[in-house]
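# Structural description and commentary
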Amino acid sequence: ILPILSYPDPRLRTIAEPVKTVDADIKQLIADMIETMYDAKGIGLAATQVDRHIQLIVMDLSENNDSPRVFINPKITPLVEDKKPYEEGCLSVPDVYDSVERPVKVKIEALDGEGNAFEEIAEGLLAVCIQHEMDHLNGVLFVDYLSSLKQTRARDKVRKYLKAREKQLEK
Ligand SMILES: O=C(O)C[C@@H](Cc1ccccc1)[C@H](O)SCc1ccccc1
Ligand SMILES: [Zn+2]
């Protein structure tokens, strides 16, 4: 299980580098990130969130959490102007949820966990999640789209959440 960076940690603002070769190290990181994502009850996780600054995203939108997906060096192209709001959360901004508007349909071009290139049209939750994760690789958090008042409240909420969790762990 890898530690997940929490907002407003500046390392979350790092721009991720492209992956050159999908070697054994990358495959180990993929396995570790998938385990970390399941443990944290997330449906997506970007390498940035575990302080590894490479263009790697893992995701599992399935019911029984048994079909993980890997996106390496992903490129996203919005296919429609139409945007829709979605109540987003983030494993790096625990206990904060708010509405974010994003294009409803995007094209994804990426490499899979074996390094093979693929292309996919995404709508619905996959479109929301891949754009949320892509933001992480570009040092962007969903709270950046909210008002400064909401960002202040988010910082306070995360601080309180982490303090409470610390106390809990000390017992
Ligand atoms: O922190 C992350 O990047 C993982 C997010 C991905 C996500 C954010 C917004 C909308 C969809 C996915 C976590 O999975 S947040 C927890 C969660 C779980 C189920 C549905 C939505 C959010
Ligand atoms: Zn997130």
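These figures come from a predicted structure and were not determined experimentally.

Here we come to the pairing of strand S7 (residues 117–123). Two elements, strand S6 (residues 105–111) and S7, share seven bridges in a ladder whose sense is antiparallel. Note on S7: the bridge partner recorded for Ile108 is Glu120. Where S6 folds back onto S7 in an antiparallel hairpin, the turn is made up of five residues, including Gly115, whose phi is positive at roughly 90°.

Here helix H3 (residues 148–170) contains 23 residues, and its C-alpha end-to-end distance of 33 Å stays within 8% of the 33 Å for a straight helix at 1.5 Å per residue. Within the span of H3, buried status applies to Gln151, Ala154 and Val158.

Donor atoms from the polypeptide that bind the zinc ion (ligand 2) are Cys90 (SG), His132 (NE2) and His136 (NE2), placed at 2.0 to 2.3 Å. In the primary structure, the donors to the zinc ion (ligand 2) are separated according to the pattern C-x41-H-x3-H. With His132 and His136 both in helix H2 (residues 124–137) and four residues apart, the pair spans about one turn of that helix. A relative accessible area of 1% places His136 in the buried class.

The strand order across the open sheet formed by five strands is S1-S2-S3-S6-S7, and the pairing between neighbours is antiparallel. Each end of this open sheet is capped by a strand with a single partner; those strands are strand S1 (44–46) and S7. Averaged over all adjacent pairs, the angle separating strand axes in this sheet is 40°, with direction ignored. In this sheet, strand S2 (residues 56–59) lies alongside S1 in antiparallel orientation, the contact comprising three bridges. Paired with Ala46 across the two strands is Ile57, which belongs to S2. Where helix H1 (residues 24–39) meets the sheet, it contacts S1, S2 and strand S3 (69–78), and its direction lies at approximately 45° from that of S2. Here H2 sits on the sheet and contacts S1, S2, S3, S6 and S7; the angle it forms with S2, its principal contact strand, is near 150°.

Taken as a whole and judged by the stated rule, the model has ten salt bridges. A salt bridge links Lys150 to Asp98, with the nearest nitrogen and oxygen atoms 3.1 Å apart. Of this pair, Lys150 sits in helix H3 while Asp98 is found in strand S5 (residues 98–103), placing the two residues 52 residues apart along the sequence. Since its relative accessible area comes to 35%, Lys150 is described here as partly exposed. Linked by salt bridges that have partners in common, Asp9, Arg11 and Asp51 make up one network.

Surveying the vicinity of ligand 1 reveals 15 residues, the closest of which are Ile43, Gly44, Gln49, Leu91 and Glu133. Contact distances for ligand 1 include 2.7 Å between an oxygen atom and a backbone N or O atom of Leu91. Here an oxygen atom of ligand 1 and a side-chain polar atom of His136 are 3.3 Å apart. A majority-of-atoms criterion places ligand 1 in the largest pocket. Elements represented by at least two residues in the shell around ligand 1 include exactly strand S4 (83–88) and H2. In terms of residue class, the shell around ligand 1 is made up of seven nonpolar, six polar and two charged.

A surface patch of nonpolar side chains, amounting to about 300 Å² of accessible area, comprises Ile43, Leu61, Tyr86 and Leu125. Within the secondary structure, Ile43 is located in the loop between H1 and S1.

The next thing to look at is H2. Across its 14 residues, H2 extends 21 Å between first and last C-alpha, which sits within 8% of the 20 Å expected from 1.5 Å per residue. In terms of residue burial, H2 counts as a mostly covered element, since twelve of its 14 residues are buried. Within H2, burial applies to Leu126, Ala127, Val128, Cys129, Ile130, Gln131, His132, Glu133, Met134, Asp135, His136 and Leu137. In the stretch just after H2, Gly139 is the one whose phi turns positive, near 70°.

Scoring rules and cut-offs
Residues numbered from 1 in each chain as written. Chains lettered and ligands numbered in written order. Predicted model: local features only at pLDDT ≥ 70, side-chain atom pairs only at ≥ 80, totals over all residues. Heavy atoms only, no water. Pairing = 2+ DSSP bridges. Helix = DSSP H or I, 4+ residues; strand = E, 2+ residues; numbered from the N terminus. Expected span 1.5 Å × (residues − 1). Buried < 20%, exposed > 50% of the residue type's maximum accessible area, 1.4 Å probe, protein only. Donors = N, O, S within 2.8 Å, 3.2 Å for Na, K, Ca; no water. Axes fitted to C-alpha atoms, helices over the stretch in contact; angles between N-to-C directions. Contact = heavy atoms within 4.5 Å. Salt bridge = Lys/Arg side-chain N within 4 Å of Asp/Glu carboxyl O. Near = heavy atom within 4 Å. Polar contact = N/O pair within 3.5 Å; in protein donor to acceptor, adjacent residues only side chain to side chain. 1 Å grid on protein atoms, 1.4 Å probe; cavity = no way out; pocket = protein on both sides within 12 Å on 5 of 7 lines; lining within 4 Å. Sits in = over half its atoms within 2 Å of the grid points. Nonpolar A, V, L, I, M, F, W, Y, C, P; charged D, E, K, R; others polar. Patch = residues over 30% accessible without salt bridge, like charges linked within 9 Å, V, L, I, M, F, W, Y side chains within 5 Å. Areas by Shrake-Rupley, 256 points an atom, 1.4 Å probe, with all protein chains shown as cover.

By themselves these figures say nothing about function.
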